[in-house]
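Analysis of the macromolecular model
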Amino acid sequence: MTKTMKASECKAKFLGVLDEVAEKHERVIVTKNGKPVAQIVPIVEKPKSIIGALKGSVIYMGDLDEPTDEDWEALKE
C-alpha cells in the first residue's frame, strides 16, 4: 500500500517517515501543491551470491510422483 504525504508534513516527520518506510517496506509519495514530486522507497538488498539466494523461499510439499493414500488402497485390491 502506498502512502501519500504533503511535503510540509514529510519535512516535520522525516525521520519517522524513514523508519516507517524501512520497517513496513512501503513507499511514500511526497506531494507539493497536490502534485507528486518525490517518492521515498525502501532499499531491497540483493544477495551477494546467486548461490543460496532463494534459500527459505521454497516449501517442500511432498513427492508429486508418490500416490496418495486413496491410490494405495486401490492398488491393494
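Refer to the structure above for everything that follows.
In what follows, the accompanying structure is described. Just so you know, these numbers come straight off a predicted model, no measurement behind them.

What follows concerns the sheet that holds strand β3 (residues 35-40). Across the sheet, three strands lie side by side as β1-β2-β3; this open sheet has mixed pairing. Across the chains shown, the open sheet's two edge strands, defined by having one partner strand only, are β1 (3-6) and β3. Strand-to-strand twist across the sheet, computed as the mean angle between neighbouring axes with direction ignored, equals 30°. Pairing geometry for β1 and strand β2 (residues 28-32), over four bridges, is parallel. For T4, the partnering residue across the bridge sits in β2 and is I29. Each of β1, β2 and β3 touches helix α2 (residues 14-24); the most contacted strand, β3, lies at about 65° to it.

For the rest of this paragraph, the subject is the pattern of salt bridges. Inspection of every chain in the model, using the stated rule, returns three salt bridges. A salt bridge links E20 to K3; the nearest nitrogen and oxygen atoms lie 3.5 Å apart. One end of the pair, E20, is in helix α2; the other, K3, is in strand β1, with 17 residues separating them in the sequence. When its relative accessible area of 33% is taken as the criterion, K3 is described as partly exposed. For E9, the salt bridge identified is with K13, shortest N-O distance 3.3 Å. E9 sits in the partly exposed class, given a relative accessible area of 32%. In the salt-bridge network here, residues are joined through shared partners; they are K3, E20 and K24.

Criteria and cut-off values
- Residue positions within a chain follow its written sequence, with the count starting from 1.
- With the structure being a predicted model, the display of local features is reserved for residues of pLDDT at least 70 and the display and counting of side-chain atom pairs for 80 or more, all residues being used for whole-chain, interface and lining totals.
- The basis for every side-chain value is the complete set of heavy atoms in the structure, and neither hydrogens nor water enter the calculation.
- Here, any two strands with at least 2 DSSP bridges between them count as paired.
- The secondary structure listing takes helices from DSSP runs of H or I that are at least 4 residues long and strands from runs of E that are at least 2 residues long, numbered from the N terminus.
- Lines fitted to the C-alpha atoms define the axes, with helices restricted to the stretch that makes contact. Angles between their N-to-C directions range from 0 to 180 degrees.
- The contact definition used throughout considers only heavy atoms, calling two residues in contact when any of these lie within 4.5 Å.
- For salt bridges, the criterion is a side-chain nitrogen of Lys or Arg within 4 Å of an Asp or Glu carboxyl oxygen.
- Throughout, exposure labels follow a simple rule: accessible area from a 1.4 Å probe, protein chains only, divided by the maximum for the residue type, with under 20% read as buried, over 50% as exposed, and the rest as partly exposed.

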